[in-house]
Amino acid sequence: KEKVEITKEQRALIKAILAAYDRHQIPQDVTKKLLQEQYSAEENFLLLTEVATSQVQVLVEFTKNIPGFLSLDREDQIALLKGSAVEAMFLRSAQVLSKKMPSGHTEVLEERIRKSGMSEEFMTPMFNFYKSIGELHMTQEEQALLTTITILTPDRPYVKSHEAVERLQETMLNVLRKLCVLQHPQEPQYFARLGRLTELRTLHHYHAEMLTSWKTNDHKFTPLLCEIWDVQ
Ligand SMILES: Cc1cccc(C)c1Nc1c(-c2c(F)cccc2F)nc2cccc(C)n12
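Below: a short report on this structure. Small disclaimer: the values here were computed from a predicted structure and weren't measured.

**Focus on the overall build of the chain**
For the chain, the count of helices and strands is 11 helices and zero strands. Start at the N end of the chain and walk to the C end: the helices and strands fall as α-α-α-α-α-α-α-α-α-α-α. Radius of gyration (C-alpha) of the chain: 18 Å, near the 17 Å computed for a compact globule of 232 residues. For the C-alpha atoms alone, the extent of the chain along its principal axes is close to 55 × 40 × 30 Å. Here the chain, with 232 residues, has 49% of them falling under the buried criterion.

Quick look at the structure:
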């Protein structure tokens, strides 16, 4: 059984991605509002829209710091961001909900999500996903790398240089595979479990339906959310 070793370059890569991931958190004022504002469905939706908008901003900033991302074709960068935003945001909000929040915030955010006019059929799979992410107890590096790998998925709509994206994603997958072996020695299947997060794709689909239903109920989105998800 050969010894799993992380190379110098891979260590530098992890360091760069983790620094970007830690640097780009949702601003305090946004998360603070979660505790202050009152509890009406409208107010909850308004707050979640603000959190979603700030999550997109944080995502764009994080993506720009992924080594190699900015050397991809410009239009492909946009295609990757638009294609992966929902999935990256599900990962980010799952990570935030499953631990990062200061005490009390998590329950408040959960409560606001439950009372934001979202349909039940979407609520269950979403909270199941949040629970399964929480049970993985991912390290910060694993979360940052998993988000990076999600963003660098080559088969998003309109991506032209498929191979260039695939090569970049492969590099990140190799690092994550080694990290999982080193950081979860008691669970050899751990990396495979991370790959099982295909639920993300079904949540992507649910999310599109949720957008439409919010739109028909005349909910307002911000320009950034309209742009990233092509909402009219
Ligand atoms: C911030 C937040 C956290 C957890 C659940 C939800 C529903 C939200 N809010 C939204 C999400 C969204 C997201 F930001 C992260 C994860 C899953 C998501 F559905 N997408 C959108 C799109 C238009 C408006 C909102 C309010 N919205």
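After presenting the structure, the write-up continues.
**Here we look at the layout of surface pockets**
Within this model, the largest pocket holds a volume of roughly 690 Å³. Elements with a contribution of two residues or more to the lining of the largest pocket: helix H2 (28-36), helix H3 (41-64), helix H4 (74-100), helix H5 (105-114), helix H6 (120-136) and helix H10 (199-216). With seven residues, H4 is the largest single contributor of residues to the lining of the largest pocket. Looking at side-chain class alone, the lining of the largest pocket contains 25 nonpolar, eight polar and one charged residues.

**Comments concerning the site of the ligand**
Taken together, 20 residues sit near the ligand, with Thr49, Ala52, Gln55, Met89 and His207 positioned nearest. Between the ligand and the protein, one listed contact pairs a nitrogen atom with a side-chain N or O atom of His207 at 2.8 Å. When the ligand is considered free in solution it has 490 Å² of accessible area, and contact with the protein chains removes 99% of it. Because more than half of its atoms lie within 2 Å of the grid, the ligand is assigned to the largest pocket. Of all elements in the fold, only H3, H4, H6 and H10 reach the threshold of two or more residues within the shell around the ligand. The element best represented in the shell around the ligand is H3, accounting for six residues. Classifying every residue of the shell around the ligand gives 16 nonpolar, four polar and no charged.

**Some words on the pattern of salt bridges**
Under the criterion given, the structure shown has 13 salt bridges. Residue Glu5 pairs with Lys3 through a salt bridge whose shortest N-O separation is 3.9 Å. Judged by its relative accessible area of 66%, Lys3 is exposed.

**Description of the nonpolar core**
By size, the foremost hydrophobic cluster in this structure holds 74 residues, and its most contacted members are Phe90, Ile113, Met126, Phe129, Leu152 and Trp229. Beyond its immediate sequence surroundings of up to four residues, Met126 is in contact with Phe90, Ile113, Met118 and Leu203.

**Section: empty space enclosed by the protein**
Enumeration according to the criterion identifies two cavities of 30 Å³ or more in this entry. Approximately 50 Å³ is the volume found for the largest cavity. Lining the largest cavity are Gln55, Val58, Leu59, Phe62, Ala88, Met89, Arg92 and Thr147. Among the elements of the structure, H3 and H4 are those that each provide at least two residues to the lining of the largest cavity. At four residues, the largest contribution of residues to the lining of the largest cavity is made by H3. Looking at the lining of the largest cavity, its residues break down into five nonpolar, two polar and one charged.

**As for the packing of H6 against H10**
One can describe the packing of H6 onto H10 by two numbers: an axis separation of 10 Å at closest approach and a directional angle of 145°. Here H6 and H10 pass one another in a crossing that is left-handed. Between H6 and H10, the contacting residues are Glu121, Phe122, Pro125, Met126, Phe129 and Ser132 on the first element and Glu199, Leu200, Leu203, Tyr206, His207, Glu209 and Met210 on the second. Split into classes, the residues belonging to the contact of H6 with H10 amount to eight nonpolar, two polar and three charged.

**Considerations on the environment of Tyr206**
Of note, Tyr206 is situated in helix H10. On the accessibility criterion, Tyr206 (24% relative accessible area) is partly exposed. Residues Tyr206 and Met123 lie 83 residues apart in sequence; the distance between their C-alpha atoms is 9.6 Å. Every residue in contact with Tyr206, bar those within four places of it in the chain, is listed here: Glu121, Phe122 and Pro125.

**Looking at H2**
Among the residues of H2, those classed as buried are Val30, Thr31 and Leu34. Seen from one end, H2 has its buried residues packed into an arc of 95°, which puts them on one side. The exposed set on the far side of H2, more than 90 degrees from its buried face, consists of Gln28 and Gln36. Looking at the buried residues of H2, the elements they touch are H3 and H5.

Scoring rules and cut-offs
Residues numbered from 1 in each chain as written. Predicted model: local features only at pLDDT ≥ 70, side-chain atom pairs only at ≥ 80, totals over all residues. Heavy atoms only, no water. Helix = DSSP H or I, 4+ residues; strand = E, 2+ residues; numbered from the N terminus. Rg over C-alpha atoms; globule rule 2.2 N^0.38 Å. Buried < 20%, exposed > 50% of the residue type's maximum accessible area, 1.4 Å probe, protein only. 1 Å grid on protein atoms, 1.4 Å probe; cavity = no way out; pocket = protein on both sides within 12 Å on 5 of 7 lines; lining within 4 Å. Points joined across faces, edges and corners; volume = space filled by probe spheres on them. Nonpolar A, V, L, I, M, F, W, Y, C, P; charged D, E, K, R; others polar. Near = heavy atom within 4 Å. Polar contact = N/O pair within 3.5 Å; in protein donor to acceptor, adjacent residues only side chain to side chain. Areas by Shrake-Rupley, 256 points an atom, 1.4 Å probe, with all protein chains shown as cover. Sits in = over half its atoms within 2 Å of the grid points. Salt bridge = Lys/Arg side-chain N within 4 Å of Asp/Glu carboxyl O. Core = buried A, V, L, I, M, F, W, Y, C linked by side-chain atoms within 4.5 Å. Contact = heavy atoms within 4.5 Å. Axes fitted to C-alpha atoms, helices over the stretch in contact; angles between N-to-C directions. Left-handed = near helix turned anticlockwise from the far one by under 90°. Arc of directions from axis to C-beta.

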